[in-house]
Amino acid sequence: MIVKELADRLELEIHAGKESIDREILCGYTGDLLSDVMARIRPGAAWLTIQTHQNIVAVAVLREAACIIITGGHVPDKETLERAEKEDMPVLLAKENSFDLCVKIAELGIF
Amino acid sequence: MTPVKIIKAAESENLNIIAVCDHNSAKNAGAVAKAARQSGITVIAGMEICTREEVHLVALFKCLCDALEMGDIIQRGLSEKNHPDIFGYQVISDENDMVTGQEDRLLISASLLSLEQAVQKIHSLGGIAVAAHVDRPVFSIVSQLGFIPDHIGLDGIEMSRHAFGTTGVHNLLDNTDPPCILSSDAHFSRDIAAGYTVFDMRDTSFESMRNALSERKFRCFVKRPGY
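Since we're looking at a predicted model, the values are computed, not measured. In this convention, every chain numbers its residues from 1, walking through the sequence in written order. Labels follow written order: the first chain is A, the first ligand is 1, and so on. Per-residue local features are limited, in this predicted model, to residues with pLDDT of at least 70; the limit for side-chain atom pairs, both in listing and counting, is 80 or more; totals at the level of whole chains, interfaces and linings are taken over all residues.

A. How the structure looks around the overall build of chain A. Each helix corresponds to a stretch of at least 4 residues labelled H or I by DSSP, and each strand to a stretch of at least 2 residues labelled E; elements are numbered beginning at the N terminus. Per the secondary structure count, chain A includes five helices and five strands. Along chain A, helices and strands appear, N-terminal first, in the series α-β-β-α-β-α-β-α-β-α. Computed over the C-alpha atoms, the radius of gyration of chain A is 12 Å, within 12% of the 13 Å expected from 2.2 N^0.38 for a compact globule of 111 residues. Within chain A, the proportion of its 111 residues that are buried is 40%. Radius of gyration: over C-alpha atoms. The globule rule applied is 2.2 Å multiplied by the number of residues raised to the 0.38 power. Whether a residue is buried, exposed or partly exposed is read from the other C-beta atoms within 10 Å of its own C-beta, which are placed from the backbone; 20 or more gives buried, 12 or fewer gives exposed, and intermediate counts give partly exposed.

Printed below as a string of structure tokens:
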């Protein structure tokens, strides 16, 4: 499944990186401590986090995440979206908390 | 830890300057400064701010009033109330170790300020901003954000004694950018001076310390290594 389809099916708002929403999502990861995410996330992951600092873009690019999904209605910093735009990293916003969104993503066959 | 106990420990450890850095509050710094009057120890009013990213940031101020103003700004964003039965009492003490009040907000919670906003606010109040215990696995800039972001204007980073297995001077901290100091991060009296930084300064004023920090005129010591 590509990022755009996931966004459409789960009604996630796309706030940056629209050029790259045809990326394939291969797996998922949930984490808010970037040291942990850097160590464990796999390439092609849809990454769910409530961390909104601009460092999330660098971590996602470094680890070749498919997209970042900011959950729980948290709002990303302006700098984060600017950086994501520059790096072509899709940033999606979800109202659901990470757990609820994980369940929905798993129901779509990504786990 | 109480003001009198802190000063006694600092005296027996021969410290010249200490900084009082409660979580998200500066309301005990004045009492410690008063308790230090006979000792000759300089007490810096500070705070360990928990930013929105849950990064711990040490803020040091020239005047108590600036630290208290920072505390007000931080506490306006703390929505949770303390529950003493779960989190313990958050007491405010006078210089004789008498409890004069309690902090109402839950001080371990995160403020609304981002790391960048907190550094900017500290600087606008003339303070020094140091990323706390960067070697620790929790609440450090490295654990929360993976790496130290560029251009946020930190004046320093702080290592804790836990990073070291041996006592003595540690030169490996000499070439970091920003400068890296070592301090005890003492949460109990017994930890005071477990790690410390010796600054090369003319006097024990805040400005002399700021200069020694930016000019890297200091050395870091571990007295009691971590576990």
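And the narrative resumes.
B. Region of interest: the nonpolar core. Among the nonpolar cores identified, the biggest contains 93 residues, and A:W47, A:I68, A:I69, B:V32, B:L57 and B:A59 are the most heavily contacted of them. Among the elements that take part in this core, strand β2 (residues 42-50) of chain B stands out by supplying six residues, more than any other. If sequence neighbours within four positions are ignored, B:A59 has contacts with B:G46, B:M47, B:I49, B:M70, B:I122, B:G127 and B:A129. Working definition: the nonpolar core is a set of buried Ala, Val, Leu, Ile, Met, Phe, Trp, Tyr and Cys residues, joined through C-beta atoms within 7 Å. Contact between two residues is assigned when their C-beta atoms, built from the backbone, lie within 7 Å.

C. The sheet that holds strand β11 (residues 218-222) of chain B, seen in detail. All names here are of chain B. An order of β8-β11-β10 is seen for the three strands of this open sheet, with the pairing classed as antiparallel. Where the open sheet ends on each side, the last strands, each with one partner, are β8 (168-169) and β10 (195-199). Pairing geometry for β8 and β11, over two bridges, is antiparallel. Across the sheet, V169 pairs through a bridge with F221, a residue of β11. Strands pair, by our definition, only if DSSP identifies at least two bridges between them.

D. A look at the interface of chain A and chain B. In this assembly, 10 residues from chain A lie in contact with 10 residues from chain B. Elements represented by at least two residues in the side of chain A that touches chain B include exactly α2 (34-40) and α3 (55-62) of chain A. Looking at which element gives the most residues to the side of chain A that touches chain B, the answer is α2(A), with three residues.

E. Fine view of the sheet that holds strand β7 (residues 156-160) of chain B. Residues and elements named next belong to chain B. One open sheet holds the six strands; their spatial order is β1-β2-β3-β6-β7-β9, and the pairing between them is mixed. Each having just a single partner strand, β1 (17-20) and β9 (180-183) make up the two edges of the open sheet. Between one strand and the next, the sheet's axes are offset by a mean angle of 35°, whatever the strand orientation. Structural elements are reduced to axes, namely lines fitted to C-alpha atoms, with helices fitted over the stretch in contact, and the angle between N-to-C directions of any two is expressed from 0 to 180 degrees.

F. Representation of the pairing of β1(B) in the model. Residues and elements named next belong to chain B. The pairing of β1 with β2 spans four bridges and is classified as parallel. Within β2, the residue paired with V20 across the bridge is A45. In this view, the connection linking β1 to its parallel neighbour β2 by way of helix α2 (residues 29-35) has right-handed handedness. For the handedness criterion, the strands are oriented away from the viewer, and a crossover whose path from the first strand over the helix to the second runs clockwise is classed as right-handed.

G. Expanded view of the environment of B:I181. Residues and elements named next belong to chain B. Following the sequence through the fold, I181 ends up in strand β9. Overall, I181 belongs to the buried group, with 25 C-beta atoms counted inside 10 Å. Remark: the alpha-carbon pair of I181 and N96, spanning 85 residues in sequence, is separated by 31 Å.

H. Local environment of helix α5 (residues 115-124) of chain B. All names here are of chain B. Here α5 has its buried residues at L115, A118, V119 and I122. For α5, the buried positions fall inside an angular range of 100° around the axis, keeping them on one side. Of the surrounding secondary structure, the elements contacted by the buried residues of α5 are β2, β3 (56-61), α3 (64-76) and β6 (128-131). Directions pointing from the helix axis toward each C-beta atom define the arc.

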